[in-house]
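Examining the three-dimensional arrangement
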Amino acid sequence: MSIPLLDLNRQYDSIKGEIKTAIDEVLESQYFIMGDEVKEFEDEVGAYCKANHAYGCASGSDALLLALMAIDLQPGDYVLTSPFTFFATAGAISRIGGIPVFLDIEKDSYNLDPKQVRRFMEGEHPVFKKLNPDREKIKAIIPVHLYGQMADMDPIMNIAEEYNLTVIEDAAQAIGAEYKGRRAGSVGDFGCFSFFPSKNLGAFGDAGLVTVKNEKLAEKLDILRLHGAKPKYHHSLVGINSRLDTIQAAVLSVKLKYLDEWSERRREIAHRYNRLFEEAGVSGELGDCSKSCVEMGGSGCSLNPNKIITPIETTGSKENNGRHIYHQYTIRSSNRDQIAKALSEHNIGHSVYYPVSLHEQECFAYLGYQPKDCPVSHCATKQAISIPIFPELKEEEIEKVVEVVSGAVKK
Ligand SMILES: Cc1ncc(COP(=O)(O)O)c(C=O)c1O
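Residues numbered from 1 in each chain as written. Predicted model: local features only at pLDDT ≥ 70, side-chain atom pairs only at ≥ 80, totals over all residues. Heavy atoms only, no water.

The subject of this paragraph is the overall build of the protein. Helix and strand counts for the protein stand at 14 helices and 11 strands. For the protein, whose C-alpha radius of gyration is 21 Å, the value lies close to the compact-globule estimate of 22 Å for 411 residues. Across its three principal axes, the protein shows a C-alpha extent of roughly 65 × 55 × 40 Å. Of all 411 residues assigned to the protein, the portion counted as buried reaches 58%. Taking all contacts inside the protein whose residues are at least 6 apart in sequence as the whole, residues at least 24 apart take part in 73%. Summed over all atoms, the accessible surface of the protein reaches about 16,900 Å², with 49% contributed by carbon and sulfur. Positive and negative side-chain charges in the protein, numbering 46 and 58 respectively, have mean positions lying 3 Å apart. (Helix = DSSP H or I, 4+ residues; strand = E, 2+ residues; numbered from the N terminus. Rg over C-alpha atoms; globule rule 2.2 N^0.38 Å. Buried < 20%, exposed > 50% of the residue type's maximum accessible area, 1.4 Å probe, protein only. Contact = heavy atoms within 4.5 Å. Areas by Shrake-Rupley, 256 points an atom, 1.4 Å probe, with all protein chains shown as cover. Lys, Arg positive; Asp, Glu negative; His and termini not counted. Charge placed at Lys NZ, Arg CZ, Asp CG, Glu CD.)

Surrounding the ligand, one finds 16 residues, the nearest of these being Gly60, Ser61, Asp170, Ser194 and Lys199. A distance of 2.8 Å separates an oxygen atom of the ligand from a polar atom in the backbone of glycine 60. Within the complex, the protein chains bury 92% of what would otherwise be the 380 Å² of accessible surface of the ligand. Counting only elements with at least two residues in the shell around the ligand, the list comes to helix H3 (60–70) and helix H4 (88–95). (Near = heavy atom within 4 Å. Polar contact = N/O pair within 3.5 Å; in protein donor to acceptor, adjacent residues only side chain to side chain.)

This paragraph deals with the environment of aspartate 36. Relative to the helices and strands, aspartate 36 resides in helix H2 (residues 36–48). Each C-alpha atom of the pair aspartate 36 and alanine 249 lies 9.2 Å from the other, and the pair is 213 residues apart in sequence.

Before going further, it helps to spend a moment on the domain arrangement of the protein. Each domain of the protein was delimited in the assignment, giving domain 1 (8–102 + 110–256) and domain 2 (259–410). Between domain 1 and domain 2, the C-alpha centre-to-centre distance is 25 Å. In this complex, domain 1 contributes 44 residues to the contact, which on the side of domain 2 involves 44 residues. Both faces combined, the contact of domain 1 with domain 2 buries some 3,700 Å², and carbon together with sulfur accounts for 57% of it. In terms of surface lost to domain 2, no three residues of domain 1 exceed Arg10, Tyr147 and Asn200, which account for 21% of the buried area on that side. Counting the contacts that link domain 1 with domain 2 gives 2 salt bridges. With its nearest N and O atoms 3.0 Å apart, the salt bridge here joins lysine 130 to aspartate 373. Counting across the interface, domain 1 meets domain 2 through 26 residue pairs in polar contact (both at pLDDT 80 or more). (Domains from an automatic or database assignment. Buried area = accessible area lost by both parts, 1.4 Å probe. Salt bridge = Lys/Arg side-chain N within 4 Å of Asp/Glu carboxyl O.)

As a further point, take the sheet that holds strand S8 (residues 190–194). Taken together, the 7 strands give an open sheet; going across it, the order is S1-S9-S8-S5-S4-S2-S3, and neighbouring strands pair in mixed fashion. Looking at the sheet topology across the chains shown, the edges are occupied by strand S1 (53–57) and strand S3 (99–102). Averaged over all adjacent pairs, the angle separating strand axes in this sheet is 25°, with direction ignored. Looking at chain direction, strand S2 (residues 78–81) and S3 are connected through 4 bridges and run parallel. Each bridged residue has a counterpart across the sheet, and for tyrosine 78 the counterpart in S3 is isoleucine 99. With respect to the sheet, helix H7 (residues 153–163) is in contact with strand S4 (138–142) and strand S5 (166–170), its orientation differing from that of S5 by roughly 150°. This element, helix H8 (residues 215–224), spans S1, S8 and strand S9 (208–212) of the sheet and lies at about 15° to S1. (Pairing = 2+ DSSP bridges. Axes fitted to C-alpha atoms, helices over the stretch in contact; angles between N-to-C directions.)

Given two aromatic rings, their pairing is described by the distance between the two centres and the angle made by the two planes. In the structure shown here, the tally under the stated rule is 15 aromatic pairs. Their ring planes at 25° and their centres at 5.7 Å tell us that phenylalanine 84 and tyrosine 110 sit as a pair that is stacked. Here phenylalanine 84 is found in the loop between S2 and H4, whereas its partner tyrosine 110 is found in the loop between S3 and helix H5 (114–121), with 26 residues between them in sequence. When the centroid spacing of 5.9 Å and the interplanar angle of 20° are considered together, the rings of phenylalanine 87 and phenylalanine 364 count as stacked. On the criterion of sequence distance, the pair formed by phenylalanine 87 in the loop between S2 and H4 and phenylalanine 364 in the loop between helix H12 (336–345) and helix H13 (375–383) is long-range, its members being 277 residues apart. Judged by relative accessible area, phenylalanine 87 falls into the partly exposed class, the value being 38%. Taken together, the aromatic side chains of Phe84, Tyr110, Tyr147, Tyr353 and Tyr354 make up a single cluster linked through ring pairs. Above the plane of the ring of tyrosine 48 lies arginine 183, whose end atom (NZ or CZ) is 4.5 Å from the centre. (Phe/Tyr/Trp six-rings, centres within 6.5 Å; stacked < 30°, edge-to-face > 60°. Lys NZ or Arg CZ within 6 Å of the ring centre and 35° of its normal.)

Bringing the pattern of salt bridges into the picture now. It is possible for side chains bearing opposite charge to pair when their charged atoms get close. The final tally for this structure, using the stated rule, is 24 salt bridges. A salt bridge links lysine 39 to aspartate 43; its shortest N-O distance comes to 2.9 Å. One end of the pair, lysine 39, and the other, aspartate 43, are both in helix H2, 4 residues apart, so they sit about a helical turn from each other. Notably, a salt bridge pairs aspartate 222 with arginine 225, separated by 2.8 Å at the nearest N-O pair. Residue classification places arginine 225 among the buried positions, given a relative accessible area of 3%. Each of Asp7, Arg10 and Glu397 takes part in one network of salt bridges that share partners.

Glancing now at the UniProt feature "modified residue: N6-(pyridoxal phosphate)lysine" (unreviewed entry) in the protein. UniProt's feature table lists "modified residue: N6-(pyridoxal phosphate)lysine" (unreviewed entry) at Lys199, given in the numbering used throughout. Checked against the element boundaries, lysine 199 lands in the loop between S8 and S9. Among the residues examined, lysine 199 registers a relative accessible area of 16% and is labelled buried. (UniProt positions renumbered as here; feature names shortened; annotations may be inferred.)

Glancing now at a nonpolar patch on the surface. The grouping of Leu27, Phe32 and Ile33 at the surface amounts to a nonpolar patch, some 220 Å² of accessible area in total. The residue phenylalanine 32 is located in the loop between helix H1 (8–29) and H2 in this model. On the basis of relative accessibility, which here comes to 32%, the residue phenylalanine 32 falls in the partly exposed class. (Patch = residues over 30% accessible without salt bridge, like charges linked within 9 Å, V, L, I, M, F, W, Y side chains within 5 Å.)

Take a look at the structure:
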């Protein structure tokens, strides 16, 4: 038996007819750029996210770039964000000359730690002392809703209000996730979504979307994605070419109808994994592992090597009126390499999101970060490993994955 990390064919097989009809309609219209399907999808997904405004664009990376362009981020401005995320989060900041300020994550949720953000804004954080930023140039915070669970938004929004900062949610992995009953993309000033094919709502190529709270900024973003022109050929701004293709919008509209059903199935699978790992006797407790990991150069940890840590629902738990939508099911272990080896030997898909913390990436070396500046993130890069999760995953596959992972750590 081989078990993929993600099998998009199973999803496609279940909705093939509807998808082909939707694509055919676009082919018949030959209206490939900004066709009716784009606006229809923007309205549907905007309502789904409970957002005031929603605009399609070419990718999640462009969504972040457009949000930063909309607030006129200037070269030399600072944006606070998580180092434990896909590169695009910080890439967007750097692309327009901004300086990414990496602040550590919470060890249970893997999301940006609001306490670190507060310490930074109060000038007490070692990273503040290192960067010594001009306070006027600190402009925004980008919390990332990693693996499908929302960051702790209330304290982040409070800090943003106090210091007049814009909040841009990186919701690329979190469409439909909830925080205290509020949807991802509806809490901050902007929400940035990716419809990369492997995302919970995946297009047939690159695609993205930005949700916007404020009407004026929404109008600006709408123009920025169309070269800054409105009407056509009249440029009030220097924008970019970043549109959602009509064909992608048509595909996404079909899939959006199933998203809640798929997300609930992901949650069921995650909870099933939790239970089976518990029954196998390998579920452990998260202790204080970060210090030892940094001190030992990432080679050791105080985690029990015969246990794994299953995902912890913090903001995403039902009790907190939240919803983790399990874009990934990520476990952590000081025995990660052994787990990865066993999974490979049994042809079971797995992946490390992410092997290098952004504060340690070569391209940001000029900022002078040290591993110890974000120890929890550093530690997570040594221990996290994601295992198969997708709505069509079968019970026997779940059981097999648990058997292999448990066997690897019990050795
Ligand atoms: C957290 C995060 N931010 C941004 C992106 C960028 O999205 P895209 O690949 O659509 O450009 C991704 C996904 O790839 C992501 O996971």
